[in-house]
Amino acid sequence: LRERGEVGDSTRVELRRAEAELRLERARLPELEGDLQVTAFALATLTADNGATVLDILTKGGGQPLPAANLNPDVPAALLRNRPDVRASEARLVAATAEIGVFEAQIYPSLSLGGSVSGNTTSTVSFGPSLPVPLFDIPVRRARVEASRARAQEAEALYRQTVLEAVEEVQVSLAGIRSAERQISVLLQARSTYREAVSLSQEAFRLNAVTLLDVLVAEENLRDTSLRLADVRRDFAVEWSQLNVAIGQGRDVADKKANPSP
């Protein structure tokens, strides 16, 4: 470009604009390098690894990682039981329901067996309630039953709310994934078009058919589209990760029935 400026093919304005664009891009490098280090340290914390090791891996370069697994558009609702919060809420509901039976049993007399059993005819067995029979504090015991039923209803409501929130998280992640997929498809086509436009504008510039400003505009459009594509691909990966968290991926909660003894 400087050579063309020396022979008068490029104006001073075009030259200064190109130099300014170059300096602006170079000025972004320290910020990007700092962001890379922050990301490396965050990954090291998540993986309990050394920050320098993770940073070394990231600085080696490579393509932008994308989830390789195909996503099923419909997530089975049973997978929500993989979530620790759903399982904990379910366990609290089971415990609250069992508590009702415990307090109800305290209303009635407790039965007992007395006597002894031996190999001769002197064996004696007696049946009957143990004393004292709960007569005077029956209202209190019934109140405890009602209180336990109220706690069970509360636990059921919390369980339903937990499941509904889990469903919402899955739906939001699926919507984000579908949106990112559509954006990626469109941006890939746009990037291909801008690449062709840059190639054509550079060839036209060599033939003095367009100005340098036209070339810079085409290159800027390609750059912005490529950055937007990278951002959307990152969003896709984040939504994919959040979906796997929302369905409790990686936790096996399949019902395990005890094998009968041979």
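Bear in mind that the values here come from a model prediction, so they are computed numbers and not experimental data.

Cut-offs and rules
- Residues numbered from 1 in each chain as written.
- Predicted model: local features only at pLDDT ≥ 70, side-chain atom pairs only at ≥ 80, totals over all residues.
- Heavy atoms only, no water.
- Helix = DSSP H or I, 4+ residues; strand = E, 2+ residues; numbered from the N terminus.
- Buried < 20%, exposed > 50% of the residue type's maximum accessible area, 1.4 Å probe, protein only.
- Contact = heavy atoms within 4.5 Å.
- Areas by Shrake-Rupley, 256 points an atom, 1.4 Å probe, with all protein chains shown as cover.
- pLDDT = per-residue confidence, 0-100.
- Arc of directions from axis to C-beta.
- Polar contact = N/O pair within 3.5 Å; in protein donor to acceptor, adjacent residues only side chain to side chain.
- Salt bridge = Lys/Arg side-chain N within 4 Å of Asp/Glu carboxyl O.
- Axes fitted to C-alpha atoms, helices over the stretch in contact; angles between N-to-C directions.
- Parallel < 35°, antiparallel > 145°, perpendicular 65-115°, else oblique.
- Left-handed = near helix turned anticlockwise from the far one by under 90°.
- Nonpolar A, V, L, I, M, F, W, Y, C, P; charged D, E, K, R; others polar.
- Expected span 1.5 Å × (residues − 1).

Draft legend 1. Inspection of the overall build of the protein chain at higher detail. Along its length, the protein chain carries six helices and two strands. Secondary structure elements of the protein chain, listed N to C terminal, follow the sequence α-α-α-α-β-β-α-α. Taken over 262 residues, the protein chain has a buried fraction of 23%. Counted over contacts in the protein chain with a minimum sequence separation of 6, partners at least 24 positions apart contribute 70%. Accessible surface, the protein chain: about 18700 Å² in total, of which carbon and sulfur atoms supply 57%.

Draft legend 2. Spotlight on unusual backbone geometry. One non-glycine residue, Ala 48, lies in the positive phi region at around 55 degrees. Secondary-structure assignment places Ala 48 in the loop between α2 (12-47) and α3 (51-59). For Ala 48, a relative accessible area of 75% gives the class exposed. Residues other than glycine seldom take positive phi values, yet Asn 208 does so here, at roughly 60 degrees.

Draft legend 3. The arrangement of the confidence of the model for the protein chain in detail. When pLDDT is averaged along the protein chain, the result is 79; 76% of the residues meet or exceed 70. Between residues 253-262, whose pLDDT stays under 50, and residues either more than four places distant or in other chains, the model counts four contacts.

Draft legend 4. Local environment of α3. Those residues of α3 not exposed but buried are Gly 51, Val 54 and Leu 55. Burial along α3 is one-sided: seen end-on, the buried residues are contained in an arc of 100 degrees. For α3, exposure combined with an orientation more than 90 degrees from the buried face picks out Ala 52 and Ile 57. Regarding α3, its N-cap is Asn 50, as a side-chain oxygen of that residue lies 2.8 Å from the backbone nitrogen of Ala 52 further along. Phi for Gly 61, located one or two positions after α3, is positive at around 85 degrees.

Draft legend 5. Highlighting the environment of Ile 247. Relative to the helices and strands, Ile 247 is located in the segment after α6 (212-246). By relative accessible area, Ile 247 is classed as buried at 8%. Separated by 165 residues in the primary sequence, Ile 247 and Asn 82 place their C-alpha atoms 6.3 Å from one another.

Draft legend 6. Representation of the pattern of salt bridges in the model. All told, the structure shown has 13 salt bridges when counted by the stated rule. Residues Asp 224 and Arg 223 are paired through a salt bridge, measuring 3.3 Å at the closest nitrogen-oxygen approach. Under the relative-accessibility criterion, Arg 223 is labelled partly exposed at 27%. Because the salt bridges share partners, they merge into one network encompassing Arg 83, Asp 85 and Glu 169.

Draft legend 7. Inspection of the packing of helix α5 (residues 138-206) against α6 at higher detail. Two elements in contact, α5 and α6, have axes separated by 7 Å at closest approach and are oriented at 160 degrees. Judged by the inter-axis angle, α5 sits roughly antiparallel to α6. In the packing of α5 onto α6, the handedness of the crossing is left-handed. Across the contact of α5 with α6, the residue classes tally to 23 nonpolar, nine polar and eight charged.

Draft legend 8. Fine view of helix α4 (residues 84-105). With 22 residues, α4 extends 32 Å between its outermost C-alpha atoms, agreeing within 8% with the 32 Å of an ideal straight helix rising 1.5 Å per residue. All of the buried residues along α4 are Val 86, Ser 89, Leu 93, Ala 96, Ile 100 and Phe 103. Buried residues of α4, seen end-on, are gathered within an arc of 115 degrees and therefore sit on one face of the element.

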